[in-house]
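# Per-entry structural report
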Amino acid sequence: MARGVGPRRPARTGRQARAARAMAGTKPAAGKPGRVQTARVEKKPAAAKKAGSAYDPVAPERVTEILKRLDGLYPEVKCALTHSSAWELLVATILSAQSTDANVNRVTPELFRKYPTIEAFAALTPEQLEPDVRSTGVFRNKSKSVVGAAKKVVSDFGGQVPDDMDKLLTLPGVARKTANVVLGSWFGKGVGVVVDTHVHRISRRLELTKQDDPQKIEQDLMKVLPQQRWILFSHQIIHHGRKLCIARKPKCAECSLENICHAGDKTWSTVDMHKNATA
Ligand code: SF4
């Protein structure tokens, strides 16, 4: 990495530390004035502990603040998978499993030129499709899913990708995540929340869920987020996960959610960290 382009570190001027202490109502640490304290949790008197126990990570005002800050960070975000129809989005989403959107976007333009209709995919065997999707990984399963979904859309839904969760879930290789992507990003229907690896990780860090299973995470998010935000929230969190809240080393010092985020695996903090709130 070129010099000077790494994640910004807080300057050791003492300004951040003083701000953190002011928020926490603590005094400077003895011995090392101005040194930034990372997740230093002061022992609180009993009364303060009792007040602290009222912290509710899914309180409506906290959730509203999280959404407001996400709007500030990512005002105009949309699905990063290149597509021009519900079918293309369905295929791209199936191919994106265990791959990156950029990798899928390298494959799909040629794929859709070669097989321009659902019927063209439905006429293939999975083995015929494998070479075209090999570079996205897990290509045998993905070929089976795409060809199987095409056959089912043609035979059961008149060649039209259905705009209904239950019907989408009957297609081979389509689970709730894929169905939510198609319903939200193509049909504009927010009937669920897309839970991919970024939404999984960051929802836990932000304490919007304690669950580890994607379906249970989705249920929790559907309870705490307003329905009109279900589609946008996923897009914003996916961008946040790529840009700042990355898996191994989140760039907390650059994140505008920092002082309302208590994730246990933050790399820098002005607030106390909750050890169970990890990715
Ligand atoms: S403060 Fe850090 S852990 Fe919390 S959301 Fe921002 S980047 Fe992620």
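The structure contained in this document is the topic of the report that follows. (Residues numbered from 1 in each chain as written. Predicted model: local features only at pLDDT ≥ 70, side-chain atom pairs only at ≥ 80, totals over all residues. Heavy atoms only, no water.)

What follows is about the overall build of the chain. Helix and strand counts for the chain come out as 13 helices and 0 strands. The proportion of buried residues among the 279 residues of the chain is 44%. Within the chain, contacts between residues at least 6 apart in sequence are counted, and of these 56% link residues at least 24 apart. Surface exposure of the chain reaches about 15,200 Å², of which carbon and sulfur atoms provide 53%. (Helix = DSSP H or I, 4+ residues; strand = E, 2+ residues; numbered from the N terminus. Buried < 20%, exposed > 50% of the residue type's maximum accessible area, 1.4 Å probe, protein only. Contact = heavy atoms within 4.5 Å. Areas by Shrake-Rupley, 256 points an atom, 1.4 Å probe, with all protein chains shown as cover.)

Let us look at the environment of A179. Its location among the elements puts A179 in helix α10 (residues 176-185). For the pair formed by A179 and L168, sequence separation is 11 residues and the distance between their alpha carbons is 6.0 Å. The residues touching A179, leaving out its near neighbours within four places in the chain, are M165, L168, L169 and V174.

Turning to the site of the ligand, a few remarks are in order. With respect to spatial proximity, the complete set of residues near the ligand consists of R205, H240, C245, P250, C252, C255, E258, C261, A263 and K266. Partitioned by chemical class, the residues of the shell around the ligand number 6 nonpolar, 1 polar and 3 charged. (Near = heavy atom within 4 Å. Nonpolar A, V, L, I, M, F, W, Y, C, P; charged D, E, K, R; others polar.)

What follows deals with the side chain of S269. Along the chain, S269 falls in the segment after α13 (230-243). In this structure the side chain of S269 is engaged in a polar contact, spanning 3.0 Å, whose partner is the side chain of K266. Here the side chain of S269 touches V271 through a polar contact of 2.7 Å, landing on its backbone oxygen. (Polar contact = N/O pair within 3.5 Å; in protein donor to acceptor, adjacent residues only side chain to side chain.)

On to the nonpolar core, then. Side chains of a nonpolar character, in soluble globular proteins, are inclined to be buried together. W87, L111, F121, L129 and V146 are the most contacted members of the largest nonpolar core, which has 36 residues in total. Per element, the largest residue contribution to this core is 8 residues, and it comes from helix α4 (residues 86-95). The contacts of L111, once residues within four sequence positions are left out, are V91, L95, F121, L129, D132 and V133. Counting residues in hydrophobic clusters, the runner-up holds 26 residues, among them V63, W230, F233 and I260. (Core = buried A, V, L, I, M, F, W, Y, C linked by side-chain atoms within 4.5 Å.)

Taken as a whole, this structure holds 3 aromatic pairs when the rule is applied. Pairing Y115 with F121 gives two aromatic rings, centres 5.4 Å apart and planes at 55 degrees, and the pair type is tilted. One aromatic cluster in this structure is built from W87, F112, Y115 and F121. (Phe/Tyr/Trp six-rings, centres within 6.5 Å; stacked < 30°, edge-to-face > 60°.)

The end-to-end C-alpha distance of helix α8 (residues 139-156) is 25 Å, a good match for the 26 Å that 18 residues give at a rise of 1.5 Å each. Where α8 is concerned, the buried positions are F139, K142, S143, S145, V146, V147, G148, A149, A150 and V153. Buried residues belonging to α8 abut α4, α6 (118-122) and α7 (126-133). At the exit of α8 stands G158, carrying a positive phi of roughly 60 degrees. (Expected span 1.5 Å × (residues − 1).)

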